Amino acid sequence: QVQLVESGGGLVQPGGSLKLSCATSTSASVYSSMEIEWYRQTPGKRREWVASITNGGFTNYADSVKGRFTISSDNAKSTGHLQMNNLKFEDTAIYYCRALLIDTPYWGQGTQVTVSS
């Protein structure tokens, strides 16, 4: 069973930055086979995809965050990251990490990001 733990959320002013982390319980060799994704969800709305990185390092972003967010993966530490810059009010949400290993998805518990002045 793969466990994911997100961290790095918090309260930030508009225009500010946060870096989220997604620590997995896997070894580096297993982690290197994973695809890591970030999703977010606000109350009353469906969970939406934010960004993803394949095990080959290919990245993709939702249009709403393109140019502001950067997804990365540290294979040595079995940890994924989401660098969020120029945050906006509408980025406020619970952010979830999702890892895909051999077509099996695993989710973390989420971390709250609040953008407020």
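Each remark here, short or long, concerns the structure printed above.
Colleague: What am I meant to see in the packing of aromatic side chains here?
Modeller: The relative placement of two aromatic rings is captured by the distance of their centres and the angle of their planes. Taken as a whole and assessed by the stated rule, the structure comprises 2 aromatic pairs. Ring centres of Tyr 96 and Trp 107 lie 6.5 Å apart, and the angle between their planes is 80°; on these two criteria the pair is classed as edge-to-face. Here Tyr 96 is found in strand β9 (residues 93-101), whereas its partner Trp 107 is found in strand β10 (residues 104-107), with 11 residues between them in sequence. Accessibility expressed as a relative area gives 36% for Trp 107, which makes it partly exposed. These aromatic residues form a ring-pair network of at least three members: Tyr 39, Tyr 96 and Trp 107. The residue whose ring lies beneath Arg 47 is Tyr 96, and the NZ or CZ to ring-centre distance is 3.7 Å. When the ring centre of Trp 107 is taken as origin, the NZ or CZ atom of Arg 47, which lies over that ring, is 4.7 Å away.

Colleague: Quick question: what am I supposed to make of the side chain of Arg 98 here?
Modeller: Among the structural elements, Arg 98 can be located in strand β9. One polar contact links Arg 98 to Glu 37, side chain to side chain, over a distance of 2.3 Å.

Colleague: Got a minute to help me understand the environment of Ser 17 in this structure?
Modeller: Along the chain, Ser 17 falls in the loop between β2 (10-12) and β3 (18-24). In this view, Ser 17 contacts Val 12, Gln 83, Met 84, Asn 85, Asn 86 and Leu 87; residues no more than four positions away in its chain are not counted. At 2.9 Å, the side chain of Ser 17 and the side chain of Asn 85 are in polar contact.

The rules behind the values
Residues numbered from 1 in each chain as written. Predicted model: local features only at pLDDT ≥ 70, side-chain atom pairs only at ≥ 80, totals over all residues. Heavy atoms only, no water. Phe/Tyr/Trp six-rings, centres within 6.5 Å; stacked < 30°, edge-to-face > 60°. Helix = DSSP H or I, 4+ residues; strand = E, 2+ residues; numbered from the N terminus. Buried < 20%, exposed > 50% of the residue type's maximum accessible area, 1.4 Å probe, protein only. Lys NZ or Arg CZ within 6 Å of the ring centre and 35° of its normal. Polar contact = N/O pair within 3.5 Å; in protein donor to acceptor, adjacent residues only side chain to side chain. Contact = heavy atoms within 4.5 Å.

Worth remembering: the numbers are spatial, not functional.
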